[in-house]
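Analysis of the macromolecular model
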Amino acid sequence: MEKIIAIAPQNIIDINGVNNENIELLRRIFPKIKIISRGTEIRLVGSEQDTEMPCRLIDAMLQWHQKHGCLTENDILRLQEKGDEFLEVVQQEEQNGDFILKGRDGQAIRARTVNQLKIVQSVKKNDMVFAIGPAGTGKTYTAVALAVKALRNKEIKRIILTRPAVEAGENLGFLPGDLQDKLDPYLQPLYDALRDMIPPQKLTSYIEEKVIEIAPLAFMRGRTLDNAYVILDEAQNASSMQLKMFLTRMGNNAKFLITGDITQIDLPKHQISGLLPATKLLSNIEGIDVIFLDKSDVVRHRIVAAIISAYETYDNKNTDFSLKEKRE
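So, here's what we can say about the structure.

What counts, and at which threshold
Residues numbered from 1 in each chain as written. Predicted model: local features only at pLDDT ≥ 70, side-chain atom pairs only at ≥ 80, totals over all residues. Heavy atoms only, no water. Pairing = 2+ DSSP bridges. Helix = DSSP H or I, 4+ residues; strand = E, 2+ residues; numbered from the N terminus. Axes fitted to C-alpha atoms, helices over the stretch in contact; angles between N-to-C directions. Buried < 20%, exposed > 50% of the residue type's maximum accessible area, 1.4 Å probe, protein only. Arc of directions from axis to C-beta. Contact = heavy atoms within 4.5 Å. Core = buried A, V, L, I, M, F, W, Y, C linked by side-chain atoms within 4.5 Å. Phe/Tyr/Trp six-rings, centres within 6.5 Å; stacked < 30°, edge-to-face > 60°.

1. Some points on the sheet that holds strand β6 (residues 128-132)
The sheet built from 6 strands is open, its strands ordered β8-β7-β9-β10-β6-β11 with parallel pairing. One side of each edge strand has no neighbouring strand; the edge strands of this open sheet are β8 (212-216) and β11 (288-292). Within this sheet the neighbouring strands show an average axis-to-axis angle of 15 degrees, counted without direction. Sheet analysis places β6 next to strand β10 (residues 255-260), joined by 5 bridges and oriented parallel. Bridge assignment links I132 to a residue of β10, and that residue is G260.

Next up, the structure:
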């Protein structure tokens, strides 16, 4: 007998795997039946008894993909081994408040520190959240994970990620290529975070279809951002006028998350960062929250926290010099 399982066209690559690697895995697990992937269908050919377990496994795979937006070989093996028990364990695991989503490799992405957890909780209650803290505290990564989760859950229709195009002390000079080639180096950290959470083919499709848009801050002018999760990264490099322009882009059913590090301002000496003034002006408005992270939230190499601590000590002892450095 033959059983046919229909797959949504947009999910074919995720379910089948790159070069049909997931289908090949199913064939190795169930050698007694013939498994054929054709178009938007998976066909199982064999006796009713032999096709029962493959049908249940593929159904579990579809459930898993619908919930998490990804499907790895390890996910399939665990579903095959544990079945409903595995799904129940994962569901219980996800009920913990620190869980955000499953990454591209099937690993859980969680809030790993107290202040990261505050960001996760605050986004549930507020439409605009400022997350300010030093390098390595997971501000951008947590923000992107929350945006991808909202997209998977169909809470919003698109993700917009933006940064000011400001050089970090270097003079990059003339860069070859078109406009996107020139801007990509500024936006690379956002691409890196997305690649951890979305399979490559789907990420490419999202970017081509503008479901995910990554653009410099200047490109936000004049727009109204509805049904979107919008992240402004490196906000310390935006002036007060730029921040005002960006914050007033908020449309209906939108979430804005603004991240920045006030200890690494790369603006020219005649420009003043608008990040701290904005938090002071807006912190008492209902629906807006400000969260400060510190060196205890650093999730990179342990040395990063020590480096931040050393620079804090130096700046406190050399206030006049450090302020002069920041202006220049």
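2. Brief notes about helix α2 (residues 21-29)
All of the buried residues in α2 are N22, I23, L25 and L26. What you see down the axis of α2 is that its buried residues fit within an arc of 155 degrees, all on one side. Against the buried residues of α2 lie α1 (12-16), β2 (34-38), β3 (41-45), α3 (48-68) and α4 (73-82).

3. Description of the nonpolar core
Membership of the largest hydrophobic core comes to 36 residues, with the highest contact counts inside it found for L194, Y229 and L257. Elements that contribute at least two residues to this core include exactly β4 (99-102), α6 (114-125), β6, α7 (139-152), β7 (158-163), α8 (179-197), β8 and β9 (228-232). Setting aside chain neighbours within four positions, we find L194 in contact with V144, V148, L161, L203, I212 and I214. Counting 24 residues, the second largest nonpolar core, distinct from the first, contains L232, A235, A238 and L247.

4. So, the packing of aromatic side chains
If you walk through the whole model with that rule in mind, you get 1 aromatic pair. Measuring from ring centre to ring centre gives 4.9 Å for F246 and F256, while their planes differ by 40 degrees; the resulting arrangement is tilted. Highlighted residues: F246 in helix α10 (residues 240-247) and F256 in strand β10, separated in sequence by 10 residues. Note on accessibility: F246 and F256 belong to one class, buried.

5. Quick word on unusual backbone geometry
Backbone geometry follows two general trends: most residues other than glycine have a negative phi, and most peptide bonds adopt the trans configuration. With a phi close to 55 degrees, N19 is a non-glycine residue in the positive phi region. Here N19 lies in the loop between α1 and α2. Although it is not a glycine, N227 sits at a positive phi angle of roughly 50 degrees. Relative to the elements of secondary structure, N227 occurs in the loop between β8 and β9.

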